[in-house]
Structure formats: structure tokens, C-alpha cells
Amino acid sequence: MSSHSLTAEELNLLNTIKNHAGENGYAKIFDVNEDGKLVTVVEIGGEISNEELVKRLDLLVERGLLKSAFDSKVLVCVRCGSKRLRPKTLCTACVSEDIVKSPVYLHGCGALIPEIAASRLTSCPKCGESLSQLKVLEYRFYCRACGAIFEEPRAFLECLGCGWSDHLKNADQIILEKYTLTNEGLSTLVSADPLSRLVRKLVFEGYSVRPGVKVRGISGAEYVLDVVAVKRDGSETIIYMVFYKVSPVELVNSAVKRLDVEKTAVEGVVGRVRWVAAGLEIDPGAEQVAKTFGVDLELIS
């Protein structure tokens, strides 16, 4: 697949997943908040709903650029959608919550006697014989309300928001996926990398290029300038902010860097100095924002 068939938003999404991949190579994109709403846990950029983001991720998976895998399952209330659910374990006989986990003894007559009750007994409650010969079984659950003994309790959930209560199996669930780049996706991203393409273009045009230049702002904050390009005749220096797509949001987010960094703080600056926001695409609405902050726009071809 040619990188030209991808939009800047899709390339940015691939890059975000690459940068946020954990040790297993996968990036966690979504989680569920306390109200049971799907939220993103990484900065995606741009104004996009979570529903639209899921569609874009699914499309990239279909194209073979991403691979998805199960991340986690979140149970939510069927009535109000909250994930503030409290587990409840109940007696299988009388549905009381007053149950405890206890070692259980087996008497010769077949009676099951929980340890918590055996300490109070002098004879078997079933046959009346002595308790001297007891065989220890594995742990069981014992209901202190009705005396029932059972291996597995009933599992219920109770919503702390609206009070809904039901079997665990009847809760709604949200399946969260995690994502990683396929080999084709990584290859596509590298070939379409706007920074690499910009550096090649500037070198060809006669600029001395330094990517990733560290600088300290007036406020004392440290920044990394994407590219500092100095024309070989010393007539011009261009400080680049590089994006897949230049939009008003990216420009506003980068404005603090533009306003906090003086040109004298950038090593090697000579001649006329320009700040330029460059990208594979430029949002029509970015022009006015760029003028406001004294930034030129440049399309990376």
C-alpha cells in the first residue's frame, strides 16, 4: 500500500501507536471511566469522537497496517452504564451474603462439618457419633444463616450508582482492544515520515540541517525544536515545527514554544529567522492561527 493513500490523520495515528507501544509492542488506546464511558488514554490530536477513532483503527486493521488484540474486559451496569460495580457472593440455598470460606471435615457417616462449626460441636449433628475420626477436605463455603455448605457461591453484582443488582453474567461488558503496527504499517510510516522528507528536501535546497535541537526558553522550560535549518550562505535560519497535518489545534498547542524561545537561545542561528509549521497536509483553518503567532506554513511535498 502506498503511503500516499493514507491521510495525515491516519499517519499520525500510526505514529501515536508506535510511540506508545509497551514492552509487548502493543499500545493501549482506550479505557472506560467510572461512568462507563469509553475514553482515550493517549493524546491522539485533532477533534475526533471515540466512535470515529474506533472506526479508523478498524479500517487500518483491515488494511493490514495495524494488528489488534484483546486488552481487557470491563463490566458495566445495564441500567445506568456505570462501572462502579460491587461483587457479591451469596449462599446457593438461601441467597444470604453471610457466607465464609472454611476448611470442611468429612465424618464417617458422610456429614460435612465446616471447621468454624466443628469447634462448637461435641458429636456429629447427623449421626450423633463422636467427632474423633474426621477427614479434612478442601475449602468450602459455609452459610452462617442457613448452615448450607457448597463449593462455589452465587456471583452477583451491585451497582453503587443506581442500586441495580443481578447475576454477574447479566452485566453489560465492553471489550477493549490494544494495537500494534504490522511490518507493512511500520514500513509505510517510515516512508511517509514528514520529518525525514523535510530534511531531505532542505538538504537538496542548500540548507545545513539539524533535527531535534534542544533549547531552553525564557521561562526556563526545555524544548526540542524539530528542525533548525540554516542556509549555507548564512542569509536565513528556519525553525521548523513538523506535523503530519498542520491544524489550528497543533498550532495552538505549539504556541508556547514559539513564544517562549528567543532566537538568540538557538545555537547557530544566523541571518533572517523564520518559524515555520510544516506538514504533509495543511488544514484551511490553520492560516489565520499561524498569522496570529507569527508562523509561516509549508506543505511538505
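So, a few notes on the structure that sits alongside this text. Keep in mind the model is a prediction, meaning the values are calculated, not measured. (Residues numbered from 1 in each chain as written. Predicted model: local features only at pLDDT ≥ 70, side-chain atom pairs only at ≥ 80, totals over all residues. Heavy atoms only, no water.)

Re helix H6 (residues 248–260)
Taking 1.5 Å of rise per residue, 13 residues should cover 18 Å, and H6 covers 19 Å from first to last C-alpha, within 8% of that figure. Its axis deflected by about 40 degrees at Ser254, H6 carries its strongest bend there. Within H6, the full set of buried residues consists of Glu250, Leu251, Ser254, Ala255, Lys257 and Asp260. (Helix = DSSP H or I, 4+ residues; strand = E, 2+ residues; numbered from the N terminus. Expected span 1.5 Å × (residues − 1). Bend = angle between axes of the 7 residues up to and from the residue. Buried < 20%, exposed > 50% of the residue type's maximum accessible area, 1.4 Å probe, protein only.)

Topic: the sheet that holds strand S10 (residues 154–159)
Neighbouring strands of a sheet are bound in pairs by backbone hydrogen bonds; such pairs are parallel or else antiparallel. Within the open sheet, the three strands sit side by side as S5-S10-S11. Their pairing is antiparallel. This sheet does not close on itself; its edge strands, each paired only once, are strand S5 (85–90) and strand S11 (165–167). Between one strand and the next, the sheet's axes are offset by a mean angle of 30 degrees, whatever the strand orientation. Taken together, the six bridges between S5 and S10 define a ladder with antiparallel strand orientation. In the strand pairing of S10, Arg86 is matched with Glu158. (Pairing = 2+ DSSP bridges. Axes fitted to C-alpha atoms, helices over the stretch in contact; angles between N-to-C directions.)

As for the pattern of salt bridges
For the structure shown, the criterion picks out 15 salt bridges. With a shortest N-O distance of 3.8 Å, Glu151 and Arg140 are connected by a salt bridge. With Glu151 in the loop between strand S9 (149–150) and S10 and Arg140 in strand S8 (residues 134–143), this pair connects stretches of sequence that are 11 residues apart. In this structure, Arg216 and Glu222 form a salt bridge, with 2.7 Å as the shortest nitrogen-oxygen distance. With a relative accessible area of 48%, Arg216 lands in the partly exposed category. Since its relative accessible area comes to 60%, Glu222 is described here as exposed. (Salt bridge = Lys/Arg side-chain N within 4 Å of Asp/Glu carboxyl O.)

Some words on the pairing of strand S17 (residues 296–299)
For strand S16 (residues 272–282) and S17, the ladder comprises four bridges, and the chain directions are parallel. Considered in S17, the bridge of Ala277 is made with Leu297. The parallel pair S16 and S17, bridged by helix H7 (residues 286–292), forms a crossover whose chirality is right-handed. (Right-handed = clockwise from strand over helix to strand, strands pointing away.)

Quick look at helix H4 (residues 183–191)
Taken together, the buried positions of H4 are Gly185, Thr188 and Leu189. Viewed along the axis of H4, the buried residues span an arc of 100 degrees, placing them on a single side of the element. Residues Asn183 and Val190 are exposed on H4 and point more than 90 degrees away from its buried face. (Arc of directions from axis to C-beta.)

Here's the deal with the packing of helix H1 (residues 8–19) against helix H2 (residues 50–62)
When two helices pack together, their arrangement is given by the angle between the helix axes and the distance between those axes. The interhelical angle for the contact between H1 and H2, taken along N-to-C directions, is 85 degrees, at an axis separation of 11 Å. The orientation of H1 relative to H2 falls into the category roughly perpendicular. Across the interface between the two elements, Glu9, Glu10, Leu13, Leu14 and Ile17 of H1 pack against Leu53, Arg56, Leu57, Leu59 and Leu60 of H2. Here the residues of the contact of H1 with H2 sort into seven nonpolar, no polar and three charged. (Parallel < 35°, antiparallel > 145°, perpendicular 65-115°, else oblique. Contact = heavy atoms within 4.5 Å. Nonpolar A, V, L, I, M, F, W, Y, C, P; charged D, E, K, R; others polar.)

What about the sheet that holds strand S4 (residues 66–76)?
If you walk across this open sheet you meet the three strands as S1-S12-S4, and the pairing is antiparallel. Unpaired on one side and paired on the other, strand S1 (27–28) and S4 mark the two borders of the sheet.

So, the packing of aromatic side chains
Under the definition given, this model contains one aromatic pair. An angle of 10 degrees between the planes, with centres 6.2 Å apart, marks the rings of Phe141 and Phe150 as stacked. Relative accessible area serves as the criterion here: at 18%, Phe141 is assigned to the buried category. Taking relative accessible area as the criterion, Phe150 reaches 8% and is therefore assigned buried. Over the ring of Tyr26 we find Lys178, and its NZ or CZ is 5.3 Å from the ring centre. (Phe/Tyr/Trp six-rings, centres within 6.5 Å; stacked < 30°, edge-to-face > 60°. Lys NZ or Arg CZ within 6 Å of the ring centre and 35° of its normal.)

Focus on the nonpolar core
Grouped together as the largest cluster of nonpolar side chains are 38 residues, with contacts concentrated most on Ile17, Ile29, Leu57 and Tyr240. Counting residues per element, this core draws most heavily on H1, at five residues. For Tyr240, the contacting residues outside a window of four places in its chain are Leu198, Leu202, Leu225, Asp226, Val227, Ala229, Val276, Ala278 and Glu298. By size, the runner-up hydrophobic cluster in this structure holds 19 residues, among which are Val213, Val230, Val246 and Val295. (Core = buried A, V, L, I, M, F, W, Y, C linked by side-chain atoms within 4.5 Å.)

Things to note about a nonpolar patch on the surface
Nonpolar side chains collect at one region of the surface, where Ile282, Leu297 and Leu299 lie side by side and expose about 220 Å² of accessible area between them. Position of Ile282 relative to the elements: it lies in strand S16. (Patch = residues over 30% accessible without salt bridge, like charges linked within 9 Å, V, L, I, M, F, W, Y side chains within 5 Å. Areas by Shrake-Rupley, 256 points an atom, 1.4 Å probe, with all protein chains shown as cover.)

Describing the packing of H1 against H4
Put simply, H1 and H4 touch, their axes get as near as 10 Å, and they point 115 degrees apart. Considering their axes alone, H1 and H4 lie roughly perpendicular with respect to each other. Two packed elements cross with a definite hand, and for H1 against H4 that hand is left-handed. For the pair formed by H1 and H4, the contact residues are Leu11, Leu14, Asn15 and Lys18 on the first element and Gly185, Leu186 and Leu189 on the second. Grouping the constituent residues of the contact of H1 with H4 by class yields four nonpolar, two polar and one charged. (Left-handed = near helix turned anticlockwise from the far one by under 90°.)

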